[in-house]
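Chains, contacts and geometry: an overview
Here is how the chains run, residue by residue.
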Amino acid sequence: MDAVLSIRDLAVEFQTDTGLTHALVDVGFDVPRGQVTAIVGESGSGKSVTANCIMRLIQPPGRIVGGTIEFAPERVPPFEIVGLANKDPRLLELHGGLISMVFQEPMTALSPVYTVGNQVAEAILCHRKVSRREAWRESAEMLERVGLDDIERRMRQYPFEFSGGMRQRVVIAMALVCHPEVLICDEPTTALDVTIQAEILTLIKNLQAELGNSVIFITHDLGVVAQIADQVVVMYQGRVLEIGTVRQVLKDPAHPYTRGLLAAIPGLAPKGEPLATIASVVGGQDIETPHPLRRLADGRQVSLPASAESGP
Amino acid sequence: MNGSNGNGALLQVEGLSKFFDGLPAVRDVSFELRRSETLGIVGESGSGKTTLARCILRAIDPDAGIVRFQSADGWVELQELSAKELIPLRREMQMIFQDPFASLNPRMTVREILEEPLIIHRAGNREERLAAVLDMLDHVQLEHDSLTRYPHAFSGGQRQRIGIARALILRPNLVVCDESVSALDVSVQAQIINLLEDLQRELGLTYLFVAHDLSVVQHICDRVLVMHRGRVVESGPVDELFAHPREDYTRLLLSAIPSPDPDVPLQPLDRRTLGL
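Basis of the calculations
Residues numbered from 1 in each chain as written. Chains lettered and ligands numbered in written order. Predicted model: local features only at pLDDT ≥ 70, side-chain atom pairs only at ≥ 80, totals over all residues. Pairing = 2+ DSSP bridges. Helix = DSSP H or I, 4+ residues; strand = E, 2+ residues; numbered from the N terminus. pLDDT = per-residue confidence, 0-100. Contact = placed C-beta atoms within 7 Å. Expected span 1.5 Å × (residues − 1). Buried ≥ 20, exposed ≤ 12 C-beta atoms within 10 Å, placed from the backbone. Axes fitted to C-alpha atoms, helices over the stretch in contact; angles between N-to-C directions. Parallel < 35°, antiparallel > 145°, perpendicular 65-115°, else oblique. Left-handed = near helix turned anticlockwise from the far one by under 90°. Nonpolar A, V, L, I, M, F, W, Y, C, P; charged D, E, K, R; others polar.

All names here are of chain A. Read from one edge to the other, the open sheet built from 4 strands follows the order β2-β1-β4-β5, with strand pairing classed as antiparallel. Every interior strand has two partners, whereas the edge strands, β2 (19-32) and β5 (79-80), have only one. Pairing analysis gives 10 bridges linking strand β1 (residues 3-16) to β2, with the strands arranged antiparallel. Looking across to β2, one finds that V12 is bridged to L24.

Turning next to the confidence of the model for chain B. All names here are of chain B. With 97% of its residues at a pLDDT of 70 or more, chain B shows a mean pLDDT of 92. Low pLDDT, under 50, characterises residues 1-6; the stretch is placed with 8 contacts to residues that sit more than four places away or in other chains. Interface confidence for the predicted complex, expressed as ipTM, amounts to 0.83; the pTM equals 0.88.

Right, let's get into helix α6 (residues 186-203) of chain B. End to end, α6 of chain B covers 25 Å across 18 residues, agreeing with the expected 26 Å (1.5 Å per residue, within 8%). Buried residues of α6 of chain B: V186, S187, V188, Q189, A190, Q191, I192, I193, L196 and L199 of chain B, and no others. For α6 of chain B, the secondary structure elements touched by its buried residues are α11 (256-263) and α12 (278-282) of chain A together with α4 (126-139), α5 (156-168) and α7 (214-220) of chain B. At the exit of α6 of chain B stands G204 of chain B, carrying a positive phi of roughly 65°.

This part takes up unusual backbone geometry. The amide bond that connects P60 of chain A to the next residue, P61 of chain A, takes the cis arrangement and shows omega of 10°. Structurally, P61 of chain A is set in the loop between α1 (47-54) and β4 (62-71). The phi angle at R56 of chain A is positive, at roughly 55°, despite the residue not being glycine. Summarising the element assignment, R56 of chain A is placed in the loop between α1 and β4. R56 of chain A gets classed as partly exposed once you count the C-beta atoms within 10 Å, which come to 17. The phi dihedral of R229 of chain B is positive, around 50°, even though this residue is not glycine. Inspection of the secondary structure assignment puts R229 of chain B in the loop between β9 (223-228) and β10 (231-237). Note on R229 of chain B: 16 C-beta atoms within 10 Å, which makes it partly exposed.

In this section: the packing of α5 of chain B against α6 of chain B. Residues and elements named next belong to chain B. Relative to each other, α5 and α6 sit at 20°, their axes nearing to 10 Å. Taken together, the axis directions place α5 and α6 in an arrangement best described as roughly parallel. As for how α5 packs across α6, the hand of that crossing is right-handed. Between α5, through G156, G157, Q160, R161, I164 and L168, and α6, the contact on the second element is made entirely by V188, Q191, I192, L195, L199 and L203.

This part covers the sheet that holds strand β4 (residues 64-71) of chain B. Picture the strands of a sheet paired through backbone hydrogen bonds; they go either parallel or antiparallel. Residue and element names in this part refer to chain B. With antiparallel pairing, the 4 strands of this open sheet are ordered in space as β2-β1-β4-β5. Both edges of this open sheet fall to β2 (23-34) and β5 (74-77), since each of them pairs with a single strand only. Across the sheet, the mean angle separating the axes of adjacent strands is 20° when strand polarity is ignored. Note that strand β1 (residues 9-20) and β2 share 8 bridges and pair antiparallel. Paired with Q12 across the two strands is E32, which belongs to β2.

This part covers the environment of E242 of chain A. Residue and element names in this part refer to chain A. Among the structural elements, E242 can be located in strand β10 (residues 239-245). Separated by 10 residues in sequence, E242 and V232 have C-alpha atoms that sit 7.9 Å apart. Once residues lying within four places of it in the same chain are set aside, the contact partners of E242 are V234, V249, P253, A254, H255, T258, V302 and S303.

So, on to the interface of chain A and chain B. Each partner contributes to the interface: chain A provides 33 residues, whereas chain B provides 28 residues. Those elements giving two or more residues to the side of chain A that touches chain B turn out to be α8 (194-211), α9 (222-228), α10 (246-251) and α11 of chain A. Grouping the constituent residues of the side of chain A that touches chain B by class yields 18 nonpolar, 10 polar and 5 charged.

Encoded structure:
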């Protein structure tokens, strides 16, 4: 498999008042080039921390204590991200140039005091030596691509003049305007209405198909995963429990925790009966003890002891 | 509809409207809520569902319409009452909020949080209040040693249990759940939904369940109102309405739900072609 990112043995700790928290423990997976990889898990599972490691955005009291992230872009020679010095020029190129990020809250990702056109053009001017006019022109093109109408007028407006869905389109335009090889979307639709979510998911999917970039999509919503992902990584308490294709993981989950996550979705349970919870599905099975990922015959990887064979 | 003999009705709303700066937020909404049922209110943000719920509880004052509520002393029209006259009725109608982090005072212990409604309504002496608090902790499945702890010591799901206990400690009939499970992880959400359903059976509660997540609504609600731009565009039994939506707006909402089955592709309807 041609991986654009190879994450190995990644470990992150946070120094807190109550002691050391292991936010990531031996996290490892590949991000296949030109595909959508979804990272799913509940709050505290480490999915956002993993994304922040790729962007080297881990700030004290957190720190990366081990592991490697090999990055193999097509435009520049491959390099390793964890070991980059803070002043390494490749780090600047990484941020927004080679890898860019779309966050959950579009209002906090945009500055309220600059026009939308200014902010998208700034992303270009940060990374490339082009004139302001050229940056403005390319910004207009990208904003049109993400579905804005009346572009010239809209570019001179401020974020507060946009609806939530339109703001998220602007953020996506900003993220894509430098043609990153990897786009990381961290719960980009969680704050949106279901109708707007559907529009944004369709947009991200279509743009990915057009531009051929790789996408890491972080979400807790398995419905969203089913619709957008090629590959799925299931995380729990800072560990990877299961990696497989979207059909493998959602239609035939190998790990009891993944089965619990699926069973807890309200729409799937018969009416009048209590919803399954993770605890009720997992039952007496131990999901707390870490096990190294094992590759099964069908290619997927699962963190279960060799004795416990997969399948419900 | 005569207010004095609503058949099993707990709440009757007629022609309710609310304007903000002249802009309509809720327009001419009428419905009836029966005892022990769960009525869902769904719609996008800005559709007026929270404003409707707040008008019913008189958290804000409606501009027009009638809200009849069957209190312990018979039917009352809530919109007519003064703030002072509303106080005794507050025991009978309570709200569970969305954000378990924002809705609990961080400087109060669980005991103080749960005891406060009883003190405000002068219910019982010190021992009786403590007994009621402990009883309510049992109902929401929290340990008794939670009493002396502060909200920060609890997880999101546990905090939501505290919020539920605070709403129920006065033994209300009507409970408005405003996006009460929306901020929770799916597994915690499942636990809280199960708890709300258990409590409804144990305590005979009537829920007005405001939510944007249609799969949650489908699971927990008996009937549902669909709101769009302040109006109720469609209402009916939840299974029937979800299986056979009559209105374009309802079809738009339902078509936007991503299925957890990768072989059921997302094919959202287009708002513009529907003319919405």
